[in-house]
Amino acid sequence: DEARANGASAFTFEEVEAGVDADHHVAAGYDADVLLRWGDPLFTDAPDFDPLKQSAESQAKQFGYNNDYVGFIPLEGSSDHGLLVVNHEYTNPHLMFPGIVTIAEGKVKQAPLTKEQVDIELAAHGGTIVEIRKDNGKWQVVRDGKLNRRVTVNTEMQLTGPAAGHDRLKTNADATGTKVFGTLNNCAGGVTPWGTYIMAEENIHGYFGGELPADHPEATNYKRLGIPEGSYEWSNFYDRFDVSKEPNEPNRFGWIVEVDVNDPNSLPKKRTALGRFKHEGAESIVAKDGRVVFYLGDDERFDYVYKFVTKGTFNPNDRAANMDLLDEGTLYVAKFAEDGSVEWLPLVHGEGPLTAANGFQSQADVVIEARRAGDLLGATKMDRPEDVQPNGTNGKVYVMLTNNTKRKEDQVDAANPRAENAFGHIIEIAEDGGDFTATRGTWEVLLKCGDPSVAEVGASFSTATTANGWFGMPDNCAIDAAGRLWVSTDGNSNKATGRTDGLWAVDTEGEARATSKLFYRVPVGAEMCGPLFTPNDETAFVAVQHPGDGGEDWDGFGRASYYEDPSTRWPDFKPDLPVRPSVVAITKQGGGKIAV
Ligand code: FEO
Ligand code: CA
Ligand code: CA
Ligand code: CA
């Protein structure tokens, strides 16, 4: 159109000024309303949040900690009434439990957690499914919603697909290798075309403590994932998180979890066909032939981009017929070539090097050790693949690569073009024939991120991008109903950038391509998760994760001050409340589509 021909951005809003303070900020003419805070009651019988009297029992009925993925599942096709599904990735005890942090002689010290505090952590992980409704232009939580549910580390789940029931998944508590409790570190996720909620299990290594003998059969497998890392204190109280006592438990985590939100008593399913690694998310799209394609990132330096293509096809008229589509299909790993082509290599037992000679006895072994299978196939080692998002409007796929400061000059390749990549980049894939199931495609770098005014950074934002518009560390992204790309970031809140994380609108089409504008920014210490647009583009949900964390880098925002100075404690700013991760609903004042 004419605007594009003139190089104008497809997004019409006045940019927010980049910067750092204790509050959040949205573009002029928009409201950013906090919808759900850590501890908010989700059921009629749930207690109000009281940080001094918090219990595991209360937490299991309240909104969890560190909201990350946000999905919206419309009820009866409505954009104003639906289920909000939210992942609770991890916990920050120093910000959750008043009094456990002391600062003496300039050193921050944290007291060991009690069992009750660990149990609160278990209940604060997982996910939330909650009915929400827009009344008079403002979103409300429906506390008596019949489908409201908390998923926690204690929720019973079922392992399905090629690894289910395998000996490597059996434990003292579960001789079947199919029954597991809970899900861990649910980062990004997805909503399937048939309306189920996907929770990706990402950094599972930190939850496991103890020691595994070097000659243990799982030693190589666990080393590849950094297990056990033991940053959580759960193994002090629960044997299943101690690898010396339950050496197979870590094989039951690192999967894609599917939750049927229509039945609050349904068993969430860990879909092993989609492989086991540090799953960032699982965004999907229905291909031309009806098969469904899930794009998967493995967030680790030098790890891979994957996709999963279902064997069966999506039936839009029969929800039940789709419920096990994720148990059969082909998992592929990406190889990005120097000539701008990409090849999707199948992780199929018996093909190529994926044989008994290399320790893969069956497809179960291939999915359990998907990373090692990818190593053997020669997949491209990427700069921390995060959210991977297909765009049904322009037929492309967007890969967020957040950063990789460990990449050396001699490890640079076309798809990871910068050594010591501190600010990350975004790759755009075009699958052959516009077919998302294709095993070949082409790609190009859409954006090299970072401050374009610093030549050494080598950023590639368009010259129309202002000093507010550039960003680093792309993490999550969303495509709105108009087919436009929005990118949220993780890691800008430090002295290197002088700005917080936020949500940026990024042009992908025409002369404005690679122009970016700042729409919303988070309070100090937070990262920006979500984002998600309702189907009518009138609401953007964003998740403000770990506000206040790491704030000690900033004068006046010291860690201890979150308990001493209420003026720094978003979003309540009250003396009796801590800083709280929260989901925010952004709407246009007076109504209407966002950025139009
Ligand atoms: Fe949880 Fe990869 O961010
Ligand atoms: Ca992420
Ligand atoms: Ca996304
Ligand atoms: Ca993140």
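The name an unreviewed UniProt entry gives the protein is PhoX family phosphatase, with Oryzicola mucosus as the organism.

Caption draft 1: Quick look at the overall build of the protein. In terms of regular secondary structure, the protein is built from eight helices and 33 strands. A compact globule built from 596 residues should have a C-alpha radius of gyration of about 25 Å, and the protein, at 23 Å, falls within 12% of that. Out of the 596 residues belonging to the protein, those deemed buried represent 55%. Across the protein, contacts joining residues at least 24 apart in sequence account for 62% of those joining residues at least 6 apart.

Caption draft 2: Inspection of helix 7 (residues 370-377) at higher detail. Residues of helix 7 that are buried include every one of Ala370, Arg371, Ala373 and Gly374, and no others. The buried side chains of helix 7 occupy one side of the element, clustering within an arc of 160° when seen end-on. As for helix 7, its buried residues are in contact with helix 5 (219-225), strand 18 (301-303), strand 20 (329-336) and helix 6 (363-368).

Caption draft 3: Structural detail: the sheet that holds strand 10 (residues 156-160). A sheet is described by the order of its strands in space; here six strands give the open sequence 11-10-15-14-13-12, paired in mixed fashion. Of all strands in the sheet, those bounded by a partner on one side alone are strand 11 (179-181) and strand 12 (186-191). The average angle at which neighbouring strand axes cross in this sheet is 35°, direction not considered. Across four bridges, the pairing between strand 12 and strand 13 (residues 197-201) is antiparallel. Pairing of Val191 across the sheet is with Tyr197, part of strand 13.

Caption draft 4: Structural detail: unusual backbone geometry. Cis geometry marks the peptide bond from Ile227 to Pro228; its omega dihedral reads -5°. On the secondary structure map, Pro228 appears in the loop between helix 5 and strand 14 (256-259). A cis amide bond links Trp570 with the next residue in sequence, Pro571, at an omega value of 0°. Of note, Pro571 is situated in the loop between helix 8 (561-564) and strand 33 (582-588).

Caption draft 5: Expanded view of the nonpolar core. Of all hydrophobic cores here, the largest spans 159 residues; its most connected members are Leu274, Tyr306, Ala334, Val399, Trp504, Phe519 and Val542. Look past the residues within four positions of Ala334 in its chain and what remains in contact with it is Tyr304, Val305, Tyr306, Val342, Trp344, Ala379 and Thr380.

Caption draft 6: Here's a closer look at the sheet that holds strand 23 (residues 385-390). The strand order across the open sheet formed by nine strands is 16-17-19-20-21-26-25-24-23, and the pairing between neighbours is antiparallel. Only two strands of the sheet have a single partner each, and these edge strands are strand 16 (283-286) and strand 23. The mean inter-strand angle of the sheet, taken between neighbouring strand axes irrespective of direction, is 30°. Across four bridges, the pairing between strand 16 and strand 17 (residues 291-297) is antiparallel. By the bridge assignment, Ser284 is partnered in strand 17 with Phe294.

Caption draft 7: Representation of the environment of Ala540 in the model. Within the secondary structure, Ala540 sits in strand 32 (residues 539-545). With 62 residues separating them along the chain, Ala540 and Ala478 place their C-alpha atoms 9.7 Å apart. Not counting residues within four places of it along the chain, the set of residues in contact with Ala540 comprises Pro531, Phe533, Ile586 and Ile594.

Caption draft 8: Main features of the environment of Ser231. Examined against the element boundaries, Ser231 turns out to sit in the loop between helix 5 and strand 14. Looking at Ser231, the number of C-beta atoms within 10 Å reads 12, which means it is exposed. Taking the C-alpha atoms as reference points, Ser231 and His205, 26 residues apart in sequence, are found 8.5 Å from one another.

Caption draft 9: Examining the confidence of the model for the protein more closely. Summary statistics for the protein give a mean pLDDT of 94 and a share of 96% for residues scoring 70 or more. In the model, residues 1-5 has pLDDT below 50 throughout and makes seven contacts with residues more than four positions away in sequence or in other chains. Taken together, the stretch residues 552-562 has pLDDT below 50 and engages in 24 contacts with residues farther than four places along the chain or on a different chain. Here the complex is predicted with pTM 0.97, and the ipTM for its interfaces comes to 0.96.

Caption draft 10: Just helix 4 (residues 115-124), in detail. The element helix 4 is largely enclosed, with a buried count of seven among its ten residues. Of all the positions in helix 4, only Val118, Asp119, Ile120, Glu121, Leu122, Ala123 and Ala124 are classed as buried. Looking at the packing, one finds that the buried side of helix 4 touches helix 2 (56-59) and strand 4 (81-88). A positive phi of about 100° marks Gly126, the residue just after helix 4.

Caption draft 11: Region of the structure containing the pairing of strand 32. In terms of burial, strand 32 is a largely internal element, seven of the seven residues being buried. Side chains Thr539, Phe541, Ala543 and Gln545 project from strand 32 onto one buried face, and the interleaved Ala540, Val542 and Val544 project onto a second face that is buried too. Pairing analysis gives five bridges linking strand 31 (residues 527-533) to strand 32, with the strands arranged antiparallel. The partner of Met528 across the bridge, within strand 32, is Val544. Counting the residues that bridge the hairpin from strand 31 to strand 32 gives five residues, and of these Asp537 lies at a positive phi of roughly 65°.

Caption draft 12: A look at the environment of Lys146. With respect to the secondary-structure elements, Lys146 resides in the loop between strand 8 (138-141) and strand 9 (149-151). For Lys146, a count of 8 C-beta atoms within 10 Å translates into the label exposed. Sequence spacing of Lys146 and Met528 is 382 residues, and the spatial spacing of their C-alpha atoms is 30 Å.

Definitions and limits used
Residues numbered from 1 in each chain as written. Chains lettered and ligands numbered in written order. Predicted model: local features only at pLDDT ≥ 70, side-chain atom pairs only at ≥ 80, totals over all residues. Helix = DSSP H or I, 4+ residues; strand = E, 2+ residues; numbered from the N terminus. Rg over C-alpha atoms; globule rule 2.2 N^0.38 Å. Buried ≥ 20, exposed ≤ 12 C-beta atoms within 10 Å, placed from the backbone. Contact = placed C-beta atoms within 7 Å. Arc of directions from axis to C-beta. Pairing = 2+ DSSP bridges. Axes fitted to C-alpha atoms, helices over the stretch in contact; angles between N-to-C directions. Core = buried A, V, L, I, M, F, W, Y, C linked by C-beta atoms within 7 Å. pLDDT = per-residue confidence, 0-100.

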